[in-house]
Amino acid sequence: MYQQPDVESSYDKNDLGKSIYDIVIELNPKVVIEFGILHGYSTLAISQALRDLDNGGKVIAYDLFENYKYRHGTMEEVTELLKRNNLQDFVELRYGNLYEWIENPDEFDLLHIDIANDGDILKLVSESFKNKNILFEGGSKERDKEWWMIKYDRKPMYPLMEKINYEIINSDWPSISLIRGVK
Ligand SMILES: C[S@@+](CC[C@H](N)C(=O)[O-])C[C@H]1O[C@@H](n2cnc3c(N)ncnc32)[C@H](O)[C@@H]1O
């Protein structure tokens, strides 16, 4: 059963973890790759679903941790969090940079991207993996108006919706969207 993670996250406000959990249950992946852990909110949502699926699946979760100059978490705190929730068997934490990993990616059934997403990241990821399930933070028109998107003139995601063919699975702030891979 899903329990809302007690972890600071922009996903927490509207408990988008439940939407993440539901999508993982629906897609029944064996390998989930996550980029962007921060303090572990989404990692907990994904790993709870893998626990409940009981399909032998796991999530390999990557972050830059202290090598990221903006808001980040630590591998130690997330390791502790997973242990406290008895979810450590469903997660492998790794240091990794999306831009390097994408050159030599792991095999996966579902990719979750949450690294201060913008249209450039979405374009790169969607073009790198055709016919793959890609879940990503954002996708709504409102999310493109996030202050740092405006301040740093980041490319919006919403105008890519039709071209990339993504669906917003929960439009509550900050929203979460899915590109469905073709089976
Ligand atoms: C918005 S937070 C992730 C939030 C998290 N998914 C949650 O549920 O709360 C963004 C994270 O992405 C990480 N990050 C930023 N750029 C990255 C990159 N190129 N590769 C890997 N991780 C990155 C940061 O260190 C930060 O922890």
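Up top is the structure.
Attention in this report is confined to the structure presented alongside it. Computed from a predicted model, the values in this text were never measured in an experiment.

It is worth spelling out the overall build of the protein chain at this point. Within the protein chain one finds seven helices and seven strands. When the helices and strands of the protein chain are placed in sequence order, the string is α-β-α-β-α-β-α-β-α-β-α-α-β-β. A compact globule built from 183 residues should have a C-alpha radius of gyration of about 16 Å, and the protein chain, at 15 Å, falls within 12% of that. Taken along its principal axes, the extent of the C-alpha atoms in the protein chain is 40 × 40 × 35 Å. By the burial criterion, 39% of the 183 residues in the protein chain qualify as buried.

Across residues other than glycine, the phi torsion is negative in most instances, and most of the peptide bonds are trans. Looking along the chain, the bond that leaves Trp173 and enters Pro174 is cis, with omega of 0°. Within the fold, Pro174 resides in the loop between β6 (166-170) and β7 (176-179). We note that Leu38 has phi near 50°; this positive angle belongs to a residue other than glycine. Of note, Leu38 is situated in the loop between β1 (31-35) and α2 (41-53). In this structure Leu38 comes out as buried when scored by C-beta crowding, with 22 C-beta atoms within 10 Å. At Ala116, a position not held by glycine, the phi torsion is positive, near 65°. By secondary structure assignment, the location of Ala116 is in the loop between β4 (110-113) and α5 (119-128).

Before going further, it helps to spend a moment on helix α3 (residues 75-84). Taken as a whole, α3 has its buried residues at Val78, Leu81 and Leu82. Seen from one end, α3 has its buried residues packed into an arc of 95°, which puts them on one side. Exposed residues lying more than 90 degrees from the buried face of α3 are Glu76, Lys83 and Arg84. Elements in contact with the buried residues of α3: α2 and β3 (91-95).

All right, on to the site of the ligand then. The ligand sits among 21 residues. The nearest are Ser9, Gly36, Tyr41, Ser42 and Tyr68. Classifying every residue of the shell around the ligand gives 12 nonpolar, seven polar and two charged.

On to the pairing of β1. Of all the five residues making up β1, four are buried; the element is thus mostly covered by neighbouring parts of the structure. Examined bridge by bridge, β1 and strand β2 (residues 58-63) share five bridges and lie parallel to one another. Counterpart to Val31 in the pairing with β2 is Lys58. When β1 meets β4, the two strands line up parallel, connected through four bridges.

Looking at soluble globular proteins, one finds that nonpolar side chains tend to be buried together. One finds Ile20, Val24, Ile46, Ile113 and Leu135 to be the most contacted residues of the largest nonpolar core, which totals 44 residues. In terms of residue count, α2 provides more of this core than any other element does, six residues in total. Those residues in contact with Val24 that lie beyond four places of it in its chain are Pro29, Val32, Ile46, Ala49, Leu50 and Leu110.

Rules of the game
- Residues numbered from 1 in each chain as written.
- Predicted model: local features only at pLDDT ≥ 70, side-chain atom pairs only at ≥ 80, totals over all residues.
- Helix = DSSP H or I, 4+ residues; strand = E, 2+ residues; numbered from the N terminus.
- Rg over C-alpha atoms; globule rule 2.2 N^0.38 Å.
- Buried ≥ 20, exposed ≤ 12 C-beta atoms within 10 Å, placed from the backbone.
- Arc of directions from axis to C-beta.
- Contact = placed C-beta atoms within 7 Å.
- Near = placed C-beta within 6 Å.
- Nonpolar A, V, L, I, M, F, W, Y, C, P; charged D, E, K, R; others polar.
- Pairing = 2+ DSSP bridges.
- Core = buried A, V, L, I, M, F, W, Y, C linked by C-beta atoms within 7 Å.

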